Amino acid sequence: MSSDNDSRPASFPQDVASCHAMLEGVFVSLAEKEQRIGQLEELVKTLIQERHGRKSERYDPNQQVLFEADEEEDSPVAEPPEAVDAPPRRRGGGRRRLDPNARREQRIHRLSEDQKQCPKCGAVLTIALVEGKLCWAYQPSEIFGIQHMHEKGFCNGCHEHVQIADAPPAMIEKGAADASLLAHLTTSKQGDHLPLYRYEEISLRNGWWIPRSTQAVWLQQTAVTAVILYAWMASRILQGKLVGTDATGVAVLEPGAGQVRKGTVWTYCGQPEVCPYLIYDYWPTGEGEAPRRFLEGYEGYLQADAASVFDQLYLQGPVLEVACGAHMRRYFYKARHSAPREAHRALGCFRQLYLLERELAELSDADRRAQRRLRALPLLENFKTWLDELAPTVVPKTELAAAVGYALNQWEAFIRYCDEGWLMIDNTRSERALRPIAIGRSNWMFFGSDGGGHTGAVLYSLVASCKANRVHPYHYLNDVYERLPLVREHSSLLPLLQEACGRVQFTDGTQPNLANMQSALDCLRVLKDNPRPLIEVMLDPSQLASAVIDELTSLLPDRWHDAHPECHLEINRKTRLVGEAA
């Protein structure tokens, strides 16, 4: 008796024609199973590669030569790109020179009494100092107290009037942390990805203990005032002509439940050389409402992946889609094992396009646009023709089919980068901007709450914008934390903060009580977790005093870098810090 899973027929046909039909069906079934097995094997290889393999997407351009024998001579992308003579790579290692402005101490090694006499004639040697090796030394960081003293005046006439000098406003009113300590804490947490418990251990080891609960409160209160500069940078980005965006997931602790859920951090990159800032926006869920909310009212080019969350923005008209060439190339790179001939042919075309972009990097926007239309568009047209010919022949549900389908679907948005010289061929800068979040979450693991997510987004924006503009984050934040409280207390800012609070709507549908918003800090505590209304107000700063606008503009990382060239910080490929402020 056959089992339930036995697929054999109850009886076999007796005539030849029926047997042939049955065999044909078996062959078709086996072919489908083999195709499915091949797809699953490629999927397993891809998962293993993503898990344990290298993350770079380099390939040997000479690999395409192996497949050229059977190609037609007039193939649009058959010829591999010419090799570019790269400068010889400097070998690693070697001793780096110490900063000439660094403090130096002398450690003198003296001769013994016996060594001070000549062993041949017994005469006393003449002593001189000669330089030996130069070593680097380390001194643990120091925390010290600053005692604030206030002048107090007494009237000797009426003996009634007393005047006391006021202290300047601080990031944390009546707080025990100076701007320098807050700058160091922010740099350690958001710049060096140091969890608060580890900073607590370091502080205790150095003789001064700062509990992690205190650190969390300090960071939260720092972000309350820092959201002013955060909103100012975001408004500059939205007034530009190009925004790049991407997102990554983060774990968020559910207060009281002891469990974590998934939140999302979105990044928005401004147009290079115009508003080169990075803004992070935390969203409690993984829904696509975040970019639509942040980019509401924006008119210009948006460079992102092919996620459906942006479709509504593109349909509205003012936002033009620019696809990411790196995403398109990545699909073909994944197909290099299952379809090596076609994948390497496509990768060769992308290599030509990227080599051209490298060649045009130093040109002006107008010249770059002209060269793209003269040299890049013919390559793209030939590549598109080849894709159209290849599409009907690829096997469905394969990596090559996914690559070809993605490229054809995104083609019009991809070639749009040739319309302007300042547009970019890919969106890798947004992917790189998410690297601090990806590295940080492997250290601090999760955000403690939604409020902690908003705090991290504000402070990460300041630190990441520093690094993007080659600014030393500690020196920059120390100056910002000294000057930004003066902006916060300016009389022209309070009406705008109150107006922004009036536009805030909480997740439960309620709004803040404006009767309680009597000071700038009261408003900023609400706007720190709901920054979009403040960004909208900053888009039209006509109500702000010119002194406030000038001060906020001078605090932008690129402007601050121009005013403080001694704080330039260069980070090379091996993450070695170079510069006087390093």
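Keep in mind it's a predicted model, so treat the numbers as computed, not measured.

Describing the overall build of the protein
Across its full length, the protein holds 20 helices and nine strands. Sorting the 582 residues of the protein into buried and exposed places 38% on the buried side. Split by element, the accessible area of the protein, about 34500 Å² in all, is 52% carbon and sulfur.

Points about the pattern of salt bridges
A complete count under the given rule lists 23 salt bridges for this structure. A salt bridge links Glu 359 to Arg 375, with the nearest nitrogen and oxygen atoms 3.1 Å apart. One end of the pair, Glu 359, is in helix α8 (residues 340-359); the other, Arg 375, is in helix α9 (residues 365-390), and 16 residues separate them in sequence. The closest approach of N and O atoms between Arg 503 and Glu 499, which form a salt bridge, is 2.7 Å.

Re unusual backbone geometry
Phi angles above zero are rare outside glycine, and Lys 174 is one such case at about 60 degrees. Position of Lys 174 relative to the elements: it lies in the loop between β2 (162-164) and α2 (179-191). Given the relative accessible area of 89%, Lys 174 is considered exposed. Despite not being glycine, Arg 470 shows a phi value in the positive range, around 60 degrees. Its location among the elements puts Arg 470 in the loop between α14 (450-468) and α15 (473-488).

Some remarks on the nonpolar core
By size, the foremost hydrophobic cluster in this structure holds 81 residues, and its most contacted members are Leu 295, Tyr 481 and Met 538. Per-element tally for this core: the top contributor is helix α4 (residues 212-238), with 15 residues. In contact with Met 538, not counting residues within four places along its chain, are Ile 228, Ala 231, Trp 232, Ser 235, Arg 236, Leu 493, Leu 544 and Leu 552.

Digging into helix α19 (residues 546-554)
Every buried residue belonging to α19 is among Val 548, Leu 552 and Thr 553, and all of these are buried. The buried residues of α19 all sit within an arc of 130 degrees when viewed along its axis, so they share a single face. Exposed residues lying more than 90 degrees from the buried face of α19 are Ser 546 and Asp 550. Buried residues belonging to α19 abut α4, α15, α18 (532-538) and α20 (557-563).

Observations concerning the packing of α8 against α9
Running from N to C, α8 and α9 cross one another at 170 degrees; their axes reach a closest spacing of 11 Å. The orientation of α8 with respect to α9, classified from their angle, is roughly antiparallel. Residue-level inspection shows Glu 342, Arg 345, Ala 346, Cys 349, Phe 350, Gln 352, Leu 353, Leu 356, Glu 357 and Glu 359 of α8 in contact with α9, the latter providing Arg 372, Arg 375, Ala 376, Leu 379, Leu 380, Phe 383, Trp 386 and Leu 390. Its residues assigned to classes, the contact of α8 with α9 comprises eleven nonpolar, one polar and six charged.

Digging into the packing of aromatic side chains
Any pair of aromatic rings gets described here by the distance separating the centres and the angle formed by the planes. Tallied over the entire structure, the rule returns 18 aromatic pairs. Ring geometry for Phe 350 versus Phe 383: centroids 5.6 Å apart, planes at 80 degrees, classification edge-to-face. Of this pair, Phe 350 sits in helix α8 while Phe 383 sits in helix α9, and the two are 33 residues apart along the sequence. Like Phe 383, Phe 350 is buried. Measuring from ring centre to ring centre gives 6.3 Å for Phe 350 and Phe 414, while their planes differ by 50 degrees; the resulting arrangement is tilted. Taken together, the positions of Phe 350 in helix α8 and Phe 414 in helix α11 (residues 411-414) put the pair 64 residues apart, joining distant regions of the chain. Take Phe 414: its relative accessible area is 0%, and that puts it in the buried class. Put simply, the rings of Phe 332, Phe 350, Phe 383, Trp 386, Trp 411, Phe 414 and Tyr 417 pair up and form one aromatic cluster. The aromatic ring of Trp 232 is capped on one face by Arg 236, whose charged end is 4.1 Å from the ring centroid. Sitting over the ring of Tyr 333, Arg 336 keeps its end group 3.8 Å from the ring centre.

Regarding the sheet that holds strand β6 (residues 300-303)
Spatial strand order, β5-β4-β3-β6-β7: five strands in an open sheet with mixed pairing. The open sheet has two edge strands with one neighbour each: β5 (278-283) and β7 (319-322). The mean inter-strand angle of the sheet, taken between neighbouring strand axes irrespective of direction, is 30 degrees. Relative to β7, β6 is paired through four bridges, and the arrangement is parallel. Directly across from Gln 303, in β7, lies its bridge partner Val 322. Running at roughly 15 degrees to strand β3 (residues 242-254), helix α13 (residues 435-444) makes contact with β3, β4 (259-269) and β5 of the sheet. Here α14 sits on the sheet and contacts β3, β4 and β5; the angle it forms with β5, its principal contact strand, is near 165 degrees.

Quick notes on the pairing of β4
Examined bridge by bridge, β3 and β4 share eleven bridges and lie antiparallel to one another. Across the sheet, the residue bridging to Ala 251 is Lys 262, located in β4. Between β3 and β4, which pair antiparallel and follow one another directly, the connecting turn spans four residues, one of which, Gly 256, has a positive phi of 85 degrees. As defined by bridge partners, β4 adjoins β5 across six bridges and the pair is classed as antiparallel. Among the inter-strand pairings, Trp 266 is bridged to a residue of β5, identified as Asp 281.

Calculation rules
- Residues numbered from 1 in each chain as written.
- Predicted model: local features only at pLDDT ≥ 70, side-chain atom pairs only at ≥ 80, totals over all residues.
- Heavy atoms only, no water.
- Helix = DSSP H or I, 4+ residues; strand = E, 2+ residues; numbered from the N terminus.
- Buried < 20%, exposed > 50% of the residue type's maximum accessible area, 1.4 Å probe, protein only.
- Areas by Shrake-Rupley, 256 points an atom, 1.4 Å probe, with all protein chains shown as cover.
- Salt bridge = Lys/Arg side-chain N within 4 Å of Asp/Glu carboxyl O.
- Core = buried A, V, L, I, M, F, W, Y, C linked by side-chain atoms within 4.5 Å.
- Contact = heavy atoms within 4.5 Å.
- Arc of directions from axis to C-beta.
- Axes fitted to C-alpha atoms, helices over the stretch in contact; angles between N-to-C directions.
- Parallel < 35°, antiparallel > 145°, perpendicular 65-115°, else oblique.
- Nonpolar A, V, L, I, M, F, W, Y, C, P; charged D, E, K, R; others polar.
- Phe/Tyr/Trp six-rings, centres within 6.5 Å; stacked < 30°, edge-to-face > 60°.
- Lys NZ or Arg CZ within 6 Å of the ring centre and 35° of its normal.
- Pairing = 2+ DSSP bridges.

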